[in-house]
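Here's the letter readout for the chains.
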Amino acid sequence: GESVGLHLPTLSVQEGDNSIINCAYSNSASDYFIWYKQESGKGPQFIIDIRSNMDKRQGQRVTVLLNKTVKHLSLQIAATQPGDSAVYFCAENRRGGSQGNLIFGKGTKLSVKP
Amino acid sequence: GAGVSQSPRYKVAKRGQDVALRCDPISGHVSLFWYQQALGQGPEFLTYFQNEAQLDKSGLPSDRFFAERPEGSVSTLKIQRTQQEDSAVYLCASRGVFGTGELFFGEGSRLTVL
């Protein structure tokens, strides 16, 4: 498979532990944020999103936290599983940009040890 | 099909050749986006269509890059006189609603320019 993630920050966790992936975004005008998961050789897959009028949103085993004061976004994965191993990207939609044009961060590679 | 379909999945071109990459969005999705993803990086915006109208092409790196969506469905990204720095995965994404929301990505077309 391809070697996506060779130069990416890496988070290594034990199966069953919780994972926290962090992201700093740059534009205070951004009003919508998404976390994507990308497995080797595949396109990004939606995990969870959050709008700027919220500070927390929960999905199945995942939680996104938004701190607008410090422009920080985090993704928490509960009971991490080997299938969660992938590169995770945060993306922001900048108000005033193309409708729905998402600006992606550089990504974090999550490795889950069985 | 049920998802975004891209072809070819892999393309090897000699420097100076022209290439064309095709995207079939999810049926009925009005918004279509092209992104470029270099190895170890997050996707970077290239261009955006709303139906057949190209509303934003600010991310196209040079005038060698051209995208079209003549009937508001299938889109083609064309790269003329390819250079080695064009080597990347080209991702297509579509969205069914106007405004912000989840983008559905295809698997991408990996272009290698020798």
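Residues numbered from 1 in each chain as written. Chains lettered and ligands numbered in written order. Predicted model: local features only at pLDDT ≥ 70, side-chain atom pairs only at ≥ 80, totals over all residues. Heavy atoms only, no water.

(A) Structural context of the interface of chain B and chain A. Of the residues lining the interface, 24 residues belong to chain B; the matching set on chain A comes to 26 residues. When chain B packs against chain A, close to 2000 Å² is buried across both sides, 53% of that on carbon and sulfur atoms. On inspection of chain B and its partner chain A, the count reaches zero salt bridges. Inspection of the region where chain B meets chain A yields six residue pairs in polar contact (both at pLDDT 80 or more). Those elements that place two or more of their residues in the side of chain B that touches chain A are β4 (31–37), β5 (44–50) and β9 (88–95) of chain B. Broken down by element, the residue count for the side of chain B that touches chain A peaks at three residues, all from β4(B). For the side of chain B that touches chain A, the per-class residue count stands at ten nonpolar, eight polar and six charged. (Contact = heavy atoms within 4.5 Å. Buried area = accessible area lost by both parts, 1.4 Å probe. Salt bridge = Lys/Arg side-chain N within 4 Å of Asp/Glu carboxyl O. Polar contact = N/O pair within 3.5 Å; in protein donor to acceptor, adjacent residues only side chain to side chain. Helix = DSSP H or I, 4+ residues; strand = E, 2+ residues; numbered from the N terminus. Nonpolar A, V, L, I, M, F, W, Y, C, P; charged D, E, K, R; others polar.)

(B) Inspection of the pattern of salt bridges at higher detail. All names here are of chain B. Following the criterion strictly, the structure yields six salt bridges over all chains and no others. Its salt-bridge partner being E68, residue K78 comes within 3.3 Å of it at the nearest N-O pair. Of the two residues, K78 sits in strand β8 (residues 75–79) while E68 sits in strand β7 (residues 65–68), which places them ten residues apart along the sequence.

(C) Examining the sheet that holds β8(B) more closely. Residue and element names in this part refer to chain B. With respect to topology, four strands assemble into an open sheet ordered β1-β3-β8-β7, the strand pairing being antiparallel. The two strands at the open ends of the sheet, each matched to only one other strand, are β1 (5–7) and β7. Going across the sheet, the axis of each strand differs from the next one's by a mean of 15 degrees, ignoring polarity. One ladder, built from four bridges, connects β7 with β8; its direction is antiparallel. Counterpart to F65 in the pairing with β8 is I79. (Pairing = 2+ DSSP bridges. Axes fitted to C-alpha atoms, helices over the stretch in contact; angles between N-to-C directions.)

(D) Summary view of the sheet that holds strand β7 (residues 72–77) of chain A. Residue and element names in this part refer to chain A. With respect to topology, four strands assemble into an open sheet ordered β2-β7-β6-β5, the strand pairing being antiparallel. With partners counted over all chains shown, the strands left at the sheet margins are β2 (19–24) and β5 (56–58), one partner each. Averaged over neighbouring strand pairs, the angle between their axes works out to 15 degrees when direction is ignored. Note: β2 against β7, six bridges, orientation antiparallel. Bridged to S19 within β7 is I77.

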